[in-house]
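Architecture at a glance
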Amino acid sequence: MNQDLEIEQLGSTALPPVAPAVTAELVAALSPRLRKRLDAGVAKLAERPVVRDGDTVRIAVDDSTDVELHAPGGAVTSTEAIRCGCLLAPDCLHRAAAASAAPIAEPDVEGGAEAEAEGNAEPDVEPGAEPSPEPGAERPTDPNANAEPAAEPGTAADSGAARTSSSEEPADGTEAGPGPERATPEQCAAARAVHAAATAVLEAGTDGSGAVLQAELLRAAHTARLAGLPRAAATAVSVVAALRAARSADPAHRLADLVTVLRDALSAAHRIPHAVGPELTELRGTVRQPYRPDGSLRLYGLFSEPVLTASGYAGAVTWTADAAGRLYQVSDVAPGGAGRAVGAADRAVRVGDTALTHRELSRAGLAVSGATVSPTGRLGAGAGVRAVRASGADWRAEPLDRLWSVPVADQVCSALSGGHDLLFLEVTLTGTVREAAGDSLLADCGGVPLRLTAAHDHPALPHRDNLRLLAAARGSRLRVVARLVPAPHPRAQLLAAEHPTVSGTRVDAGLDRLLRADLPTSPTPVAAAPTPDEAPVHLLRRRVHQAASGGRIVLSFPGNTAADVRRLGRHGLATAGDLVDELHAAAAERSRDVFGRLLPADTGRFARAWLAAARYTDEVDRALCAAAWGA
């Protein structure tokens, strides 16, 4: 038997990634009858064993029929690479079901061209998130600045008039110069396709967005990529990944993540046909960001964190800093599941010839010559890069100590303005608070009541267990590294912390497991800082989440919103009250024809109302977040 042969239960990580266009084409080839059975077919395949033999994966549909996926380059890139032995092949249900069950293969959005040329082209995935488009420009913090979906971040209120005047003929009759660049007809058509597919997902909700709707969104993503819209394509693929995570009851799924990517997909698709100049450039995005030479670097390890995404990528990222406090990342992310996320920390880093693992680098240092760095701070692993192990530094010693000397308000302001979202905080643990998503760790951060949450909820990762144990160390004063979460109250995801009892020792919250023996024998009593009253923006956010989960119909039932509107108005959120009314009105409105029969709902109006509400809650959260931190 082939030594590479592996047998395992089918799962998204057991199958090779499949290109979006392949899945869309196979689903489109199905007859209407087979399309209705596609979701059941995907569920049935999930119960079948998988045999992996080198680059070929076989799924035993039954005793006499197999589906084969050929991925010689690591991913399935053509419909011919998926074969089935049943009588209905090639237009059978099994091929489309296998493609729909597999992870989504997607080109890098922020990876380096250098990495691809040298076999190191894993996606540049932000830890704890899906592969996403380039960071946007600084967003306004006025809660009402983006109440309408047309107000994309980075655009001025009078930009429409400026664009119109720039392309009109001058009044003195002189010949006008070339106007600002606009989207091509192909890009406008691709944006409309993404908008239509995302609107259909919003109409159906998570439960109704099965493999057929997902395939339509993947087809729209492929069209957008071909039209030169990698950002729109990436967000559309991220929506599909989030839908699959929700429908498979993935423990890492968060409804807020689905809302975010769906909002971004609709927002970009809505604006592209109307955007010009710099706004259009931002909305288009770039497929890759180049790695640039950065000479010699002396880096000090900060911490490592696991990466596990709903789209089937896993690994680890180690964060380092130089003597000036600039942050750099060394990543190892590739197709895989929780096992790879847990094991990646003990794999050697791919920079130069060093034998350091990610776990070791997070405590040690690195001397790099011929370094290449992406705009996001990711270190390249090109053939000309040399690296050797060097001594590390304690968090309370130079040069890392300076990261904690930056005022917290300045750190939050930088994160909300498009900088990195890491916060270096000194906190006193005060207890826990029970929330819908699980218990959060309460801490006092210089008089600011902070909630520290788990960065990932997958049971294979120790985030949640470590939070629970740290809650028993009340009174401990620790330095921590956390990722900012824009919310009406100070909130962040705990990534790393000082050990509560062993001085000079760090704990990576997603990789190291604390034990009860690590906790203080007698916690210090401490009074929690009072939590200020919060603006009731959750009254609008709840409806945004309900629509994304259950579809338009959940907001179409009769109900009285007057009390919520009055409450929002009392807190100065009159626009939020108007959006609540419009969201319910758009969901419930159904016209009738001349014979009194109900016509289809106006899904376009509902999508616009939902997008306005989603954008508004996002900007309110950012504004309230800045105010809560004193930024």
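Procedures and definitions
- Residues numbered from 1 in each chain as written.
- Predicted model: local features only at pLDDT ≥ 70, side-chain atom pairs only at ≥ 80, totals over all residues.
- Heavy atoms only, no water.
- pLDDT = per-residue confidence, 0-100.
- Contact = heavy atoms within 4.5 Å.
- Axes fitted to C-alpha atoms, helices over the stretch in contact; angles between N-to-C directions.
- Helix = DSSP H or I, 4+ residues; strand = E, 2+ residues; numbered from the N terminus.
- Parallel < 35°, antiparallel > 145°, perpendicular 65-115°, else oblique.
- Left-handed = near helix turned anticlockwise from the far one by under 90°.
- Nonpolar A, V, L, I, M, F, W, Y, C, P; charged D, E, K, R; others polar.
- Buried < 20%, exposed > 50% of the residue type's maximum accessible area, 1.4 Å probe, protein only.
- Patch = residues over 30% accessible without salt bridge, like charges linked within 9 Å, V, L, I, M, F, W, Y side chains within 5 Å.
- Areas by Shrake-Rupley, 256 points an atom, 1.4 Å probe, with all protein chains shown as cover.
- Salt bridge = Lys/Arg side-chain N within 4 Å of Asp/Glu carboxyl O.

1. Examining the confidence of the model for the protein chain
Residues at a pLDDT of 70 or more form 84% of the protein chain, whose mean pLDDT is 83. Low pLDDT, under 50, characterises residues 1-12; the predicted model gives this stretch 28 contacts beyond four residues in sequence or across chains. Ignoring residues within four places in sequence, the model shows residues 108-176, a span with pLDDT below 50, making 153 contacts including any to other chains.

2. Some remarks on the packing of helix α17 (residues 538-550) against helix α20 (residues 603-629)
Packing of α17 against α20 leaves a shortest axis separation of 9 Å and a crossing angle of 135°. Taken as axis vectors, α17 and α20 run oblique relative to one another. Crossing of α17 over α20 shows left-handed handedness. Note on element contacts: α20 touches α17 through F606, W610, A613, A614, Y616, T617 and D621, opposite L540, R541, V544, A547 and A548. Partitioning the contact of α17 with α20 into residue classes produces nine nonpolar, one polar and two charged.

3. Focus: the environment of R225
Note on placement: R225 falls in helix α8 (residues 211-226). Under the relative-accessibility criterion, R225 is labelled partly exposed at 23%. Sequence separation between R225 and A190 is 35 residues; the distance between their C-alpha atoms is 8.6 Å.

4. Here we look at unusual backbone geometry
Cis geometry is adopted by the peptide bond preceding P90, which originates at A89 and carries an omega value of 10°. Along the chain, P90 falls in the loop between β5 (82-84) and α4 (93-101). For the bond from E398 to P399, the omega torsion is 5°, close enough to zero to count as cis. Not every positive phi belongs to a glycine, and A249 is a case in point at roughly 55°.

5. Considerations on a nonpolar patch on the surface
A surface patch of nonpolar side chains, amounting to about 270 Å² of accessible area, comprises I553, V554 and F557. Position of V554 among the secondary structure elements: in the loop between α17 and α18 (562-570). Residue classification places V554 among the partly exposed positions, given a relative accessible area of 33%.

6. Brief notes about the pattern of salt bridges
Side chains that differ in charge, positive against negative, can pair when their charged atoms come close. Considering all chains together, one arrives at 36 salt bridges under this definition. Between R254 and D457 there is a salt bridge; the shortest N-O distance is 3.5 Å. Of the two residues, R254 is situated in the loop between α9 (230-247) and α10 (255-271) and D457 in the loop between β13 (448-454) and α16 (463-470); the sequence distance between them amounts to 203 residues. Overall, the relative accessible area of 23% leaves R254 in the partly exposed class. According to the relative accessible area criterion, D457 is partly exposed, its value standing at 22%. With its nearest N and O atoms 3.6 Å apart, the salt bridge here joins R350 to D332. Here R350 is found in the loop between α12 (338-343) and α13 (358-361), whereas its partner D332 is found in strand β8 (residues 327-335), with 18 residues between them in sequence. For R350, a relative accessible area of 33% translates into the label partly exposed. Of the residues examined, D332 reaches a relative accessible area of 2% and is grouped as buried.

7. Notes on the environment of L379
For L379, the position within the fold is in the loop between β9 (365-373) and β10 (386-390). Apart from residues lying up to four places away in sequence, L379 is in contact with Y291, L297, L299, Y328, Q329, V330, T372 and V373.

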